[in-house]
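Tertiary structure, described
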Amino acid sequence: MSQGNVNPRVAIPSVDRMLRAPALSAALDAHGRPAVTDAVRTVLAAVRRDLKPENAAETSESAIAARVDAVLEALSRPSLVRVFNLTGTVLHTNLGRAPLPSAAIEAMIQAAGACNLEYDLDRGKRGDRDSHLEPLLQRLTGAEAATVVNNNAAAVLLVLNTLARDKEVVVSRGELIEIGGAFRIPDIMSRAGCTLREVGTTNRTHLSDYADNIGEDTALVMKVHASNYSIEGFTTAPEEAALAALAHENNVPFVNDLGSGALADLSDYGLPHEPMPAEVLADGADIVTFSGDKLLGGPQAGLIVGRADLIAKIRKNPMKRAMRLDKVTIAALEAILRLYTDPERLAARLPTIGLLSRPVAEINALAARICPVVACVLSEVATVEIVACRSQIGSGSLPVDRLDSAALAIRPLKQGRGEGRIVTQITEAFRALPAPVIGRVQDRALLLDLRCLEDEAAFTAQLNQLSLS
Ligand SMILES: *Cc1c(COP(=O)(O)O)cnc(C)c1O
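Conventions and cut-offs
Residues numbered from 1 in each chain as written. Predicted model: local features only at pLDDT ≥ 70, side-chain atom pairs only at ≥ 80, totals over all residues. Heavy atoms only, no water. Buried < 20%, exposed > 50% of the residue type's maximum accessible area, 1.4 Å probe, protein only. Helix = DSSP H or I, 4+ residues; strand = E, 2+ residues; numbered from the N terminus. Pairing = 2+ DSSP bridges. Axes fitted to C-alpha atoms, helices over the stretch in contact; angles between N-to-C directions. Contact = heavy atoms within 4.5 Å. Phe/Tyr/Trp six-rings, centres within 6.5 Å; stacked < 30°, edge-to-face > 60°. Salt bridge = Lys/Arg side-chain N within 4 Å of Asp/Glu carboxyl O. Near = heavy atom within 4 Å. Polar contact = N/O pair within 3.5 Å; in protein donor to acceptor, adjacent residues only side chain to side chain. Areas by Shrake-Rupley, 256 points an atom, 1.4 Å probe, with all protein chains shown as cover. Nonpolar A, V, L, I, M, F, W, Y, C, P; charged D, E, K, R; others polar. Domains from an automatic or database assignment. Parallel < 35°, antiparallel > 145°, perpendicular 65-115°, else oblique. Left-handed = near helix turned anticlockwise from the far one by under 90°.

All right, on to the pairing of strand 4 (residues 145-149) then. Within strand 4, 5 of the 5 residues are buried, which leaves it mostly tucked inside the rest of the structure. Taken together, the 5 bridges between strand 4 and strand 10 (residues 302-306) define a ladder with antiparallel strand orientation. Bridged to Ala 146 within strand 10 is Val 305.

Given below as structure tokens:
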């Protein structure tokens, strides 16, 4: 029989034969029979579809097994992976905001199994999951009471729903903010069942604007911290203490959504001061809400601190049950809050504060060490130089402040036509590394801001896998 008369399909092994093939026994051990069977079927279907007489070799057991291995490998790669955040935005929402310290990771591991989440070990009875966090929050903020939910958006929703359902909430027009990801104060108000009573104007709101709009239907006066923007120039807003006093004269609570909030005085670390829950409570706020994973530097969470009677009501709201924190998050948050009890060592122990206050000289020294390594790997396609840049804090914290930093600027050797495409290729190659490196493109260069590069060895070790085809 001549070669041309062979039906190449005859040579394709059966699924059963492939499952018995020695070349797939390791795959069976690693992934199990159902996954390997599915992958074999997928590959055999593709082989049948693409088969041409001239590449009959592709139907060999070993060639098919190699393709099956590749399919299985792609399917078993975790979706959520570690990345290097070299974007220059320290608290990057898309990259998981605050990186957690080892103390928090250790606590999460401990809590992962059975733990005393809602179990009082002294009395041998049912306990309360807030009990792990409330004493620390009382100590750190001076609040009478505290409770915690999944994020600050949930905290705001829960507070409004508990204290102002079917009633009015007085808010300045300058504070009707959108945080991103569809968190808008007016929408949250209506979802919480409250009516928004806007007062004042975008740039100027006076105490009298609030006073004129507080009435029988008012449930609370709310202030929303302008976290991701700033209103400058001809502006005015009443002192918070005066606003709190006005609310109290009218027998309604004053609620302050701080957004980020800081449990330490950031000016102690050379950073701009960010309002602290303790300060706004001292100014008369009855309830303060803030995030766990912004400047606090912890896991995603929403912290609610303030008056004990109001916190008790908030705890009783059935919505609280739908927003409660998981044990692993509680463990991480408890560990983070403990770090705040020792502010002197905070910058050394808490990555968020450490990275935000990282001296530019240290970042420059790091840049000087790794620039030649990156330059060598990219020598055929790009130049690499150290440039001064500015990092931002991110997550809507301290929006106008920028921190001096240093970046590697990667620019294609080829200038002009096609330059942008090469920048894109390089950017994609960094993103395709086992631990993807995420930078930012600016002025036809890929910038890798080194402020947040901590594991220098892991960064350089994988550079030889950069594939620039
Ligand atoms: C970020 C922010 C929120 C939302 O907090 P998350 O923890 O991201 O849910 C709410 N209010 C303000 C003022 C914020 O800045």
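Below, the discussion takes up the sheet that holds strand 5 (residues 168-172). Within the open sheet, the 7 strands sit side by side as 4-10-9-8-7-5-6. Their pairing is mixed. Of all strands in the sheet, those with a lone pairing partner are strand 4 and strand 6 (195-199), marking the two edges. Across the sheet, the axes of successive neighbouring strands diverge by a mean angle of 25°, strand direction being ignored. Bridge count between strand 5 and strand 6: 5 bridges; the pairing is parallel. Among the inter-strand pairings, Val 169 is bridged to a residue of strand 6, identified as Leu 196. The sheet contacts of helix 10 (residues 240-249) involve strand 7 (218-224) and strand 8 (254-259), and relative to strand 8 the element is tilted by about 145°.

Applying the stated rule across the entire model yields 1 aromatic pair. Look at Phe 84 and Phe 459: their rings are 5.7 Å apart centre to centre, the planes differ by 85°, and that puts the pair in the edge-to-face class. Separated by 375 residues along the polypeptide, Phe 84 in strand 1 (residues 84-85) and Phe 459 in helix 19 (residues 456-461) bring together distant segments of the chain. On the basis of relative accessible area, Phe 84 is assigned to the buried category, the value being 4%.

What follows deals with the pattern of salt bridges. According to the stated counting rule, one finds 24 salt bridges in the structure shown. For Arg 126, the salt bridge is made with Glu 118, and the minimal N-O distance between the two is 3.2 Å. What makes Arg 126 exposed here is its relative accessible area of 65%. In this structure, Glu 175 and Lys 223 form a salt bridge, with 2.7 Å as the shortest nitrogen-oxygen distance. Of the two residues, Glu 175 sits in the loop between strand 5 and helix 8 (185-191) while Lys 223 sits in strand 7, which places them 48 residues apart along the sequence. Judged by its relative accessible area of 7%, Glu 175 falls in the buried class. Judged by its relative accessible area of 13%, Lys 223 is buried. Connected through salt bridges with shared partners, the residues Glu 118, Arg 126, Arg 129 and Arg 324 form a single ionic network.

Right, let's talk about the site of the ligand for a bit. Close contacts around the ligand come from 14 residues, with Ala 153, Ser 227, Asp 257, Ser 291 and Lys 294 the closest. Asp 257 places a polar side-chain atom, nitrogen or oxygen, 2.6 Å from a nitrogen atom of the ligand. Taken by itself the ligand offers 380 Å² of open surface, and the protein chains cover 94% of this. For the shell around the ligand, the elements supplying multiple residues, two or more each, are helix 7 (152-164) and strand 8. For the shell around the ligand, a count of residues per class yields 5 nonpolar, 6 polar and 3 charged.

Considering the arrangement of structural elements, one finds Glu 168 in strand 5. By relative accessible area, Glu 168 is classed as buried at 14%. If sequence neighbours within four positions are ignored, Glu 168 has contacts with Thr 195, Arg 197, Asp 217, Thr 218, Ala 219 and Leu 220.

Once that is clear, we can look at the domain arrangement of the protein. In terms of domain boundaries, the protein breaks down into domain 1 (7-76), domain 2 (84-93 + 355-465) and domain 3 (102-349). Each of domain 2 and domain 3 was reduced to a C-alpha centroid, and the two centroids are 35 Å apart.

What follows concerns the packing of helix 6 (residues 134-141) against helix 14 (residues 327-339). At a minimum axis distance of 10 Å, the contact between helix 6 and helix 14 shows a crossing angle of 30°. Looking at the two axes, helix 6 sits roughly parallel to helix 14. Crossing of helix 6 over helix 14 shows left-handed handedness. On helix 14, the residues touching Leu 136, Leu 137 and Leu 140 of helix 6 are Glu 334, Leu 337 and Arg 338. Residue classes in the contact of helix 6 with helix 14 are distributed as 4 nonpolar, no polar and 2 charged.

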